[in-house]
Every structure is written in C-alpha cells, then in structure tokens.
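# What the coordinates show
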Amino acid sequence: MKWVYDDMASFYYGGAKSVHEYNKLVVKRREKNNYTASKHSDLIDEIDTNGYAIIKNAFSEDIVKRLSEDFNRNVRENNISINNEHFIFIPDPLYNSETAFSIATSDLIYEISSEFFRCVPSLCTQNFRLSKLNLSNPNTTQIYHCDRNSYVKFIKFFIYLNDVDKDGGPLTFIKGSHKKKPMHHCSKYRWDEEEIIRIYGEEAVTLLTASAGDLLIANTTGFHKGTKPINMERRMLTLNYVIHKETDLSTLFKARQKWVNKLPDHKKVLFDFMKVTQ
C-alpha cells in the first residue's frame, strides 16, 4: 500500500493550496484569540495519536435528561430538516435547545477545543440526530468517509443521549487514519467496509461505544462512520469546532442572541462563524 501522511500536502483535499490557506487562517486566529493553557494535554495527545478519545460521565444524568426532553420537544414542534427511513435531523440545536447551548459553551469543551487548536475556535455545523432502526442498507454517514469541513483539520464532539453498545449504532473510527491515508484517498467520498478493512486491517476498526452523558471527541478528517443500529435507535448531539468558516457551507447555523449575550467575552468568539439572532 502506498500511503500519504499528514506532513505531506497530498494528504489534504486541495493539496498545497489548502494547507497554505489553513496556515494563514490559523496564524490569524491565534493572533486574535490565542490560547496557551495545557490542562488537557494527555487528552490532546490521545486525540492526536488515535484520532479520538472518550471522557466518561462528562455530563450529568440531569443534563442528558433535559437534552432528551429538548430533542423530543423539537420533534413534536416539527423543527426537523430531515426525516426519512434512516434519520431524523434537528437543525440549529444552539438555537432550539438551551441545554445544547450550555454544553457547547461549557468550560470543558471550550478548553479542549481551544487547546486542540492553540487558539479559541468557533462553533459551526451542529445537529441533533436520531438514527432509526430499519432493514435498509446503510446510508450516507453510515458508510465510511472522511469529513471535509476544514482545509486541514477540525474537532468534533458527540454526546449520546442514550447508552450505545456495539449493536446500538456507535460512532466507528479507523484508528490512526487521521494521520495516514492511501494515496488514492481523494478519488471518492464513500468507502465500503471491505475496502477499509483491506487497507487498514480489522485491528484499526474501533467501535466508540459509550453511555449517555459520555463525551466523544474525534478528528473526523480520519475515516469514520455511524454504524447502523440494529437493536435500538441512537440519539446524539454533534458539535463541530473550526478556526475558519467551514468549506462549502451555504447557510450559517443559528444561535439564540439572549443566550450568547450571557456568555463572558472570551466565549462569545465561539460564535464568529454562526448567525446570532433573536
């Protein structure tokens, strides 16, 4: 197998041009919103090495309960962008759920995301998602892929709203694939399971099972998928953090003005690339 690595321009979509653009933007972001603390250095090292990490019991049972109630309320109120045989998507959780907003701006996630970039990033893509039980073949995000939300890298946080075992549709990550990819990785977006195992080996396949309230963190520029659930529906909150506007994002995600106004100034920059509105 011929590999490309993360110190090579061909590792990134767009090649040297993308790397150059990212480097300019991260320097600019660090000049404006520098962050030098190293409170979570072991965790950052784990993410850098494996591509993912899990913090157990990051959020209380009460917070998860309130998050689930907000999810159910949004479904009742039809605040839904997608509802098909595979998924329900609720857009703009930071506008539609004060609990989701509090999680996204929590000290824990603020510190980890800032330490990851060595500057304070901004929130961008986020959603509530329900993965349904059905007899259909895996679809879209249930097929291996590498996210292209950034020129070079970004960090994504996942909070399960229910316990997720190996049959419950866990996030599945190919360990180390955020640092090593086949030379032809840009040739397509979706990759069959057999291809991925042939390239990386079964030992690289990691099922990120977790309990409700655990915090999953991943650099999803590596190969990953949401494994199709077979014994129960999976509910999840997803949050992306970036240092530049996400690539190919046509519509800004929304956050509620009155909640942003209550934040300390150092956290308000988390909304640089979002639409803050009444």
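Scope of this entry: the structure provided in the associated data block. Quick caveat, the model's predicted, so the values are computed rather than measured. Numbers given for residues are sequential positions, taken from 1 along each chain in its written order. Only residues with pLDDT of at least 70 get local features here, since the model is predicted, and only at 80 or more are side-chain atom pairs given and counted; chain-wide, interface and lining totals rely on the full set of residues. With hydrogens and water excluded, all non-hydrogen atoms of the structure serve as input to the side-chain values.

This brings us to the sheet that holds strand S4 (residues 87-91). Strands in a sheet are paired, the pairing made by backbone hydrogen bonds, and the direction either parallel or antiparallel. Two strands pair if DSSP finds at least two bridges between them. Every helix listed is a DSSP run of H or I at least four residues long, and every strand listed is a run of E at least two residues long, numbered separately from the N terminus. Strand order in the open sheet formed by seven strands is S2-S10-S6-S12-S5-S4-S3, with antiparallel pairing between adjacent strands. Whereas interior strands pair on both sides, the edge strands pair on one side only; in this sheet they are strand S2 (52-55) and strand S3 (82-83). In this sheet, strand S12 (residues 234-242) lies alongside strand S6 (residues 155-160) in antiparallel orientation, the contact comprising six bridges. Paired with Lys156 across the two strands is Asn240, which belongs to S12. Residue contacts are defined here by distance: any two heavy atoms, one from each residue, within 4.5 Å place the two residues in contact. Structural elements are reduced to axes, namely lines fitted to C-alpha atoms, with helices fitted over the stretch in contact, and the angle between N-to-C directions of any two is expressed from 0 to 180 degrees. On the sheet, helix H3 (residues 61-76) packs against S4, strand S5 (122-131), S6 and S12 and is oriented at approximately 75 degrees with respect to S5. Contacts from helix H6 (residues 107-117) reach S2, S6, strand S10 (215-218) and S12, with the element oriented near 155 degrees to S6.

The antiparallel open sheet is built from three strands, whose spatial order is S9-S7-S11. The open sheet has two edge strands with one neighbour each: strand S9 (205-208) and strand S11 (224-226). Here the strands of the sheet are splayed against their neighbours by 20 degrees on average, with no regard to which way each runs.

Right, let's get into the layout of surface pockets. Cavity and pocket criteria rest on a 1 Å grid covering protein atoms alone: a 1.4 Å probe that fits but cannot get out defines a cavity, protein on both sides within 12 Å along at least 5 of 7 lines defines an open pocket, and an atom within 4 Å of a point defines a lining residue. Grid points are joined across faces, edges and corners, and a volume is the space filled by probe spheres set on the points. The calculated volume of the largest pocket comes to roughly 760 Å³. Lining the largest pocket we find 36 residues, and of these Thr125, Asn127, Arg129, Thr141 and Asn149 sit closest to its centre. Of all the secondary structure elements, the ones that give two or more residues to the lining of the largest pocket are S4, S5, S6, S11 and S12. Gly counts as polar in this scheme, as do all residues outside two lists: the nonpolar Ala, Val, Leu, Ile, Met, Phe, Trp, Tyr, Cys and Pro, and the charged Asp, Glu, Lys and Arg. Class assignment for the residues of the lining of the largest pocket results in 11 nonpolar, 16 polar and nine charged. Of the voids in this model, the second largest pocket is the one considered here, and its volume is about 310 Å³. Along its surface, the second largest pocket is lined by 19 residues, and Asp48, Phe116, Val152, Lys153 and Asn219 are the ones closest to its centre. At the level of elements, helix H1 (15-32), helix H2 (41-50) and H6 are the ones that each hand at least two residues to the lining of the second largest pocket. When residues of the lining of the second largest pocket are assigned to their parent elements, the largest contribution, four residues, is made by H1. In the lining of the second largest pocket, the residues fall into eight nonpolar, four polar and seven charged.

Now for the side chain of Gln126. With respect to the helices and strands, Gln126 occurs in strand S5. Setting aside anything within four residues of it in sequence, one finds Gln126 in contact with Asp92, Pro93, Leu94, Thr238, Leu239, Phe253, Lys254 and Met274.

What follows covers H2. Three or four residues apart is the spacing at which side chains of an α-helix point the same way, because the helix has 3.6 residues per turn. Of all the residues in H2, the buried ones are Leu43, Ile44, Ile47 and Asn50. Along the long axis of H2, the arc covered by the buried residues comes to 150 degrees, so they all point the same way. Exposed side of H2, more than 90 degrees from the buried face: Asp42 and Thr49 are the residues found there. Each element contacted by the buried residues of H2 is listed here: S2, H6, S6, strand S7 (171-174) and S10. One or two steps after H2, the chain reaches Gly51, where phi turns positive at roughly 100 degrees. We call a residue buried when its accessible area falls under 20% of the maximum for its residue type, exposed when it is over 50%, and partly exposed in between, using a 1.4 Å probe and counting protein chains only. Think of it as the arc spanned by the lines of direction from the helix axis to the C-beta atoms.

Throughout, nonpolar core names a set of buried Ala, Val, Leu, Ile, Met, Phe, Trp, Tyr and Cys residues whose side chains join them through atoms within 4.5 Å. Within the largest apolar cluster, 55 residues are counted, with the highest numbers of intra-cluster contacts made by Leu94, Leu239, Tyr241 and Phe271. In this structure, Phe158, Tyr160, Phe173 and Leu208 belong to the second largest nonpolar core, which totals 11 residues.

By themselves, these observations are geometric and do not establish any function.
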